[in-house]
Amino acid sequence: MPERRDPFPHLWFPFTYYEDVVDTPPVVIERGEGVWLYGADGKPYLDAVGSWWVSLLGHKHPEIDAAVAEQLGRLEHAMMAGFITPAAQELAERMGRVLPDELTRVFYSDNGSTAVEVAMKIALQYWYLEGEARTEFVAFGGAYHGDTLGAMAVGGIPAYHGIFHETFERARFTDPPSCYRCPVGREPETCGAECMDSLEAILREDGDRVAAVVFEPMVQGAAGMRTYPAKVLDRVFELCEAHGVLTIADEVAMGWGRTGRMFATEHAGRVPDLMAVAKGLTGGYLPLAATAVKEPIFDAFRGTPGSDRIFRHGHTFTGNPLAAAAANATLDILEREDIPRSLADEQAAFTRGIQSFRDIEAVGDARHIGMVGALELVADRETKAPFDADLRVTWRIFQRGLEHGVILRPLGDVLYFIPAYVISEDEMDEMFARARRAITEVLDEVGAG
Ligand SMILES: *Cc1c(COP(=O)(O)O)cnc(C)c1O
């Protein structure tokens, strides 16, 4: 056997087994355009997962390129304490137009995890300032809100968070609102949002100690693009209102039109007290996040020097103008092109493409909302039993997809599609055709074809 060698002896890859790096080394990507990424050898890969869900308008978008270059010609960064750049100021105003009207203030940070943690800290301090002892959080089973400690405290995916929860678990968790594997045994036709009976029970018992309920609206992303209906969200808002609990919507993944509405909470016609956004905010160009709040929450922080009414939080790169310039250009395009409304035809084609996989026996569920689609693979459609993990079916499909020039990095047993909105009809056909080839080939090989 030839000696196995670590191709990247100084790198540590996220969410990646070392042995996989050695056996199937990560692809070196040199350039991109639209939905395509190009390897160092020039090979094109169709980016079906939007580079971890951030590439909203495609790679190397000429307008965003120009906006960042223009900003780069003037200033790369200035600290935001005591100073503000025109780009960061403009972005706050622009977000004021795009966000639901009641969300009037934005606090910048650098990524989705910090945007959620900022929301949690604001909620905690808000209740402290109001003189109420509300210090606990409730989150959904199966939730993902980021990988930092505070964000993990409201994370409910054992594979990601289990080891760490031993030491600091703080949140209480509801049943996971997952329709394909409904925790309360309902079918879509009989669903009355009973999964949130669990939230009702928690709030009835301890509601006066809960600062906020944190949730991913409509889709639990990292859990496997698990979708749930707006009535579940509606029930969450109702219960929170009844118990005086704040709502924190984590729109990090599903904001900016992904689900067919500008923000996923709009499906329930509701506005959360706090909202975290990131990922697509800069079109996937640079790390930037924001936590938006309703004015009454900000009011509690209108402080005089010496008081506790100051939010003692800030990251060094808060309000970075390069990232803000990318975000301004991105939001410009969303506004001008009337996204997501103008995506209706594209979404219909996307939906048909996702549903076309149902003819494959091992596709237990094909689910979609807006421009998010997912296929959950199962060994047995009837029992929904998963494949033997040792077979690594979705991982092999990911590797086979790379051979066929499509990027399908999975989440557990789930393959998903979150392409940039600029994907053309031909490219969409190509994406699904290449994915189908990778899926059927691997399923044949494991005897599940
Ligand atoms: C990705 C994600 C986060 C974390 O964002 P990072 O930028 O990776 O820190 C938080 N919440 C949701 C719903 C996400 O999908």
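For the structure, check the block above.
These figures come from a predicted structure and were not determined experimentally.

Undergrad: Account for the pairing of strand E5 (residues 136-140), with residues named and values stated.
TA: Among the five residues in E5, five count as buried, and that is most of the element. Every second residue of E5 is oriented toward a common face, with Glu136, Val138 and Phe140 on one face and Phe137 and Ala139 on the other, all of them buried. The sheet contact formed by E5 and strand E7 (residues 210-215) spans four bridges and is parallel. Paired with Phe137 across the strands is Ala212, a residue of E7. Relative to strand E6 (residues 172-174), E5 runs parallel, the two being bridged by three bridges. Note that in E6 the partner of Ala139 across the bridge is Phe173.

Undergrad: Describe the site of the ligand, listing the residues and the values that go with them.
TA: Neighbouring the ligand are Trp53, Asn111, Gly112, Ser113, Tyr144, His145, Gly146, Glu216, Asp250, Val252, Ala253 and Lys279. One of the backbone N or O atoms of Gly112 is found 2.8 Å from an oxygen atom in the ligand. Coverage of the ligand by the protein chains reaches 83% of its 380 Å² of free accessible surface. The class makeup of the residues in the shell around the ligand is four nonpolar, five polar and three charged.

Undergrad: Tell me about the sheet that holds strand E11 (residues 274-277), and please be specific about residues and values.
TA: Taken in spatial order, the seven strands line up as E4-E12-E11-E10-E7-E5-E6 in an open sheet, and their pairing is mixed. Of all strands in the sheet, those bounded by a partner on one side alone are strand E4 (103-109) and E6. Adjacent strand axes in the sheet meet at a mean angle of 20 degrees when their direction is disregarded. The strands that helix H5 (residues 112-129) touches are E4, E5, E7, strand E10 (246-250), E11 and strand E12 (289-294); relative to E12, the one it contacts most, it runs at about 30 degrees. Sitting on the sheet, helix H8 (residues 197-206) touches E5, E6 and E7, and the angle it makes with E6 is about 145 degrees.

Undergrad: Any details on unusual backbone geometry? Residues and values, ideally.
TA: Residues Ile339 and Pro340 are joined by a peptide bond in cis, for which omega reads 15 degrees. Relative to the assigned elements, Pro340 resides in the loop between helix H11 (321-336) and helix H12 (344-355). With a phi close to 75 degrees, Trp53 is a non-glycine residue in the positive phi region. Tracing the chain through its elements places Trp53 in helix H2 (residues 50-53). A positive phi angle, near 50 degrees, is found at Lys60, a position not held by glycine. Assignment of secondary structure puts Lys60 in the loop between H2 and helix H3 (62-72).

Undergrad: Report on the side chain of Gln347, specifying residues and quantitative values.
TA: Looking at where Gln347 falls in the secondary structure, it is placed in helix H12. Residues contacting Gln347, with those up to four places away along its chain left out, are Gly260, Pro340, Gly370 and Met371.

Undergrad: Any chance you could break down the side chain of Arg94 for me, citing the residues and the numbers?
TA: Following the sequence through the fold, Arg94 ends up in helix H4 (residues 86-98). Not counting residues within four places of it along the chain, the set of residues in contact with Arg94 comprises Asn328, Leu331, Asp332 and Glu335.

Undergrad: Could you give an account of the pattern of salt bridges, naming the residues involved and the relevant values?
TA: By the definition in use, this model includes 38 salt bridges. Among the salt bridges present, the one from Arg302 reaches Asp299, with a minimum N-O distance of 2.7 Å. With a shortest N-O distance of 3.0 Å, Arg436 and Asp359 are connected by a salt bridge. Residue Arg436 is found in helix H14 (residues 425-445), and its partner Asp359 is found in the loop between H12 and strand E13 (363-369); the two are separated by 77 residues along the sequence. A relative accessible area of 27% means that Arg436 is categorised as partly exposed.

Thresholds applied
- Residues numbered from 1 in each chain as written.
- Predicted model: local features only at pLDDT ≥ 70, side-chain atom pairs only at ≥ 80, totals over all residues.
- Heavy atoms only, no water.
- Buried < 20%, exposed > 50% of the residue type's maximum accessible area, 1.4 Å probe, protein only.
- Helix = DSSP H or I, 4+ residues; strand = E, 2+ residues; numbered from the N terminus.
- Pairing = 2+ DSSP bridges.
- Near = heavy atom within 4 Å.
- Polar contact = N/O pair within 3.5 Å; in protein donor to acceptor, adjacent residues only side chain to side chain.
- Areas by Shrake-Rupley, 256 points an atom, 1.4 Å probe, with all protein chains shown as cover.
- Nonpolar A, V, L, I, M, F, W, Y, C, P; charged D, E, K, R; others polar.
- Axes fitted to C-alpha atoms, helices over the stretch in contact; angles between N-to-C directions.
- Contact = heavy atoms within 4.5 Å.
- Salt bridge = Lys/Arg side-chain N within 4 Å of Asp/Glu carboxyl O.

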